[in-house]
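Letter by letter, the chains look like this.
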Amino acid sequence: MKVSLRRVNDSITVIDLEGDFDLYSSPKARETLLQLAKEKVPAVIINLEKVGYMDSSGIATLIEALRAMNKYGGKMVLSGLNMKTMEVIKLARLEKIFEIQENEEQAIASVKSQAR
Amino acid sequence: MEKKSNTSRTSGKGNLGEVIEIKISSHPKMMRVLRAVSEEIGNLAGMSEEQIIHLQIAIDEASTNIIRHGYKFDATKEFKLIFNLMEDRLEVVLEDNARPFKPEPVETFDSDKPIQGGLGVSLIHRAVDEVNYSVTRSGSNQLRLVKYLTGKEVRNRESIVATGE
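Calculation rules
Residues numbered from 1 in each chain as written. Chains lettered and ligands numbered in written order. Predicted model: local features only at pLDDT ≥ 70, side-chain atom pairs only at ≥ 80, totals over all residues. Heavy atoms only, no water. 1 Å grid on protein atoms, 1.4 Å probe; cavity = no way out; pocket = protein on both sides within 12 Å on 5 of 7 lines; lining within 4 Å. Points joined across faces, edges and corners; volume = space filled by probe spheres on them. Axes fitted to C-alpha atoms, helices over the stretch in contact; angles between N-to-C directions. Helix = DSSP H or I, 4+ residues; strand = E, 2+ residues; numbered from the N terminus. Left-handed = near helix turned anticlockwise from the far one by under 90°. Contact = heavy atoms within 4.5 Å. Nonpolar A, V, L, I, M, F, W, Y, C, P; charged D, E, K, R; others polar. Buried < 20%, exposed > 50% of the residue type's maximum accessible area, 1.4 Å probe, protein only. Lys, Arg positive; Asp, Glu negative; His and termini not counted. Salt bridge = Lys/Arg side-chain N within 4 Å of Asp/Glu carboxyl O. Polar contact = N/O pair within 3.5 Å; in protein donor to acceptor, adjacent residues only side chain to side chain. Core = buried A, V, L, I, M, F, W, Y, C linked by side-chain atoms within 4.5 Å. Pairing = 2+ DSSP bridges. pLDDT = per-residue confidence, 0-100.

### Re empty space enclosed by the protein
By rolling a water-sized probe across the atoms, one finds the places where empty space is left.
All names here are of chain B.
Logical step 1: Under the defined criterion, the tally for this structure stands at one cavity of 30 Å³ or more.
Logical step 2: Counted as a void, the largest cavity has a volume near 50 Å³.
Logical step 3: In this structure, the largest cavity is lined by 10 residues; those nearest its centre are Glu18, Ile20, Ile41, Leu44 and Leu85.

Right, here's the structure in full:
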């Protein structure tokens, strides 16, 4: 899995994930997400546009990151989910736990509107 | 991968004799291969895209449990999957020789409560119609997953067989 970071501005960071987000690859994403939480980044958008599949390890990583960011009042938004990644979140009954936006643009707009 | 005639282990009413048996190494990187196989078999069964995703999730999570909790990431170990395409359902049996492990599903997760394990098992229960765990006489763990097919999917399958696509 490829994991890369982009700073949109001082408060928003986008993390781009590419590949399958599963037992094999989730430790890499976990490390990056928890590092962002450690740095207390105000808002993190997780771009899942290029993630073909996500399993329970991926979901557990997202829950752990969400908790870590909630602790300091940080925001975490998921964007670009496809049918497979959305279906696994629905089956886990977590679609209301995560903030999910259709794409990165909408995720950025959502973060900015909540910051006002 | 081996496609062979039916065996007594997977026999049942409405059996079409379409059995695929796979032996796979207990390594997380093998999950991609298994997901691709699951997708092809779901297509062969005439399943919808959503049903195929559910099938992939159930098989993926069950296999992940064997790798993580059963064999504890020992890639020298192997486990077996038997896909049996029947008239009205697809049965998948996963068999391993690890120590017996039967995690219980959890109902839901939220962002405040700790992850207690069992999320994968919950996904399996929600993704397929039947889940049965047993230990064979020889001491192997067997997890049987069943996904029922509706009339529409059976017709889709007949069309796939007729056109060869």
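### A word on the packing of helix 3 (residues 83–91) of chain A against helix 2 (residues 49–70) of chain B
Logical step 1: Between helix 3 of chain A and helix 2 of chain B, whose axes approach to 10 Å, the crossing angle comes to 65°. Crossing geometry of helix 3 of chain A relative to helix 2 of chain B is assigned as right-handed. Packed against helix 3 of chain A, whose contacting residues are Met83, Lys84, Glu87, Val88 and Leu91 of chain A, the element helix 2 of chain B presents Glu49, Glu50, Ile53, His54, Gln56 and Ile57 of chain B at the interface.
Logical step 2: Each residue belonging to the contact of helix 3 of chain A with helix 2 of chain B can be placed in one class, and the counts come to five nonpolar, two polar and four charged.

### A look at the side chain of Glu95 of chain B
Residue and element names in this part refer to chain B.
Logical step 1: Within the fold, Glu95 resides in strand 4 (residues 89–96).
Logical step 2: Notably, Glu95 is buried but unbridged: the nearest opposite-charge side chain belongs to Lys80, and the N-O separation is 4.1 Å.
Logical step 3: Within the structure, Glu95 has its side chain in polar contact with the side chain of Gln142 (distance 2.8 Å).

### Thoughts on the pattern of salt bridges
Logical step 1: Taken as a whole and assessed by the stated rule, the structure comprises 16 salt bridges over all chains.
Logical step 2: For Glu91 of chain B, the salt bridge identified is with Arg89 of chain B, shortest N-O distance 3.2 Å. For the pair formed by Glu91 of chain B and Arg89 of chain B, the shared burial category is buried.
Logical step 3: A salt bridge links Glu91 of chain B to Arg144 of chain B; the nearest nitrogen and oxygen atoms lie 3.1 Å apart. On the criterion of sequence distance, the pair formed by Glu91 of chain B in strand 4 and Arg144 of chain B in strand 6 (residues 141–148) is long-range, its members being 53 residues apart.
Logical step 4: By relative accessible area, which is 25% here, Arg144 of chain B ends up partly exposed.
Logical step 5: The structure contains a network of salt bridges with shared partners spanning Asp20 and Asp22 of chain A together with Arg32, Arg35 and Asp60 of chain B.

### Re the nonpolar core
Logical step 1: If you look at the biggest cluster of nonpolar residues, it comprises 65 residues, and the most contacted ones within it are Ile46 of chain A together with Leu145 of chain B.
Logical step 2: The biggest single contributor to this core is helix 2 of chain B, with nine residues.
Logical step 3: Not counting the four nearest positions on each side in its chain, Ile46 of chain A is found in contact with Ile15, Leu17, Leu33, Leu62, Met76, Val77, Leu78 and Ser79 of chain A.
Logical step 4: Core analysis: the next-biggest nonpolar cluster, separate from the first, contains eight residues, Val14, Ala43, Ile45 and Ala107 of chain A among them.

### Focus: the sheet that holds strand 4 (residues 75–79) of chain A
All names here are of chain A.
Logical step 1: Read across the open sheet, the five strands follow the order 1-2-3-4-5; overall the sheet is mixed. The open sheet is flanked by strand 1 (2–7) and strand 5 (99–101), the only strands paired with a single partner. Direction aside, neighbouring strands of the sheet carry axes that sit 25° apart on average.
Logical step 2: By the bridge criterion, five bridges tie strand 3 (residues 43–54) to strand 4 in an arrangement that is parallel.

### Focus: the interface of chain A and chain B
Logical step 1: In this assembly, 23 residues from chain A lie in contact with 33 residues from chain B.
Logical step 2: Put simply, chain A and chain B have four salt bridges between them.
Logical step 3: The partner of Lys84 of chain A in a salt bridge is Glu39 of chain B, with the nearest N and O atoms 3.7 Å apart.
Logical step 4: The interface formed by chain A and chain B includes seven residue pairs in polar contact (both at pLDDT 80 or more).
Logical step 5: Sorting the residues of the side of chain A that touches chain B by element identifies helix 2 (56–71) and helix 3 of chain A as the ones contributing at least two each.
Logical step 6: Examining the composition of the side of chain A that touches chain B, we find that eight residues originate from one element, helix 2 of chain A, more than from any other.
Logical step 7: Within the side of chain A that touches chain B, the residues separate by chemical class into 13 nonpolar, three polar and seven charged.

### Focus: the confidence of the model for chain A
Logical step 1: Overall, the predicted model of chain A reaches an average pLDDT of 95, with 99% of residues at or above 70.
Logical step 2: Per-element mean pLDDT across chain A ranges from 92 in helix 4 (residues 104–115) of chain A up to 98 in strand 5 of chain A.

### With respect to the pairing of strand 1 of chain A
All names here are of chain A.
Logical step 1: Looking at chain direction, strand 1 and strand 2 (residues 12–21) are connected through six bridges and run antiparallel. Along strand 2, the bridge assignment pairs Arg6 with Val14.
Logical step 2: With antiparallel pairing between neighbouring strands as the criterion, strand 1 and strand 2 make up a hairpin whose turn holds four residues.

### Observations concerning the environment of Pro100 of chain B
All names here are of chain B.
Logical step 1: Take Pro100: it is sitting in the loop between strand 4 and helix 3 (119–127).
Logical step 2: Sequence separation between Pro100 and Ser140 is 40 residues; the distance between their C-alpha atoms is 8.0 Å.
Logical step 3: Those residues in contact with Pro100 that sit more than four places away from it in its chain are Tyr133 and Asn141.

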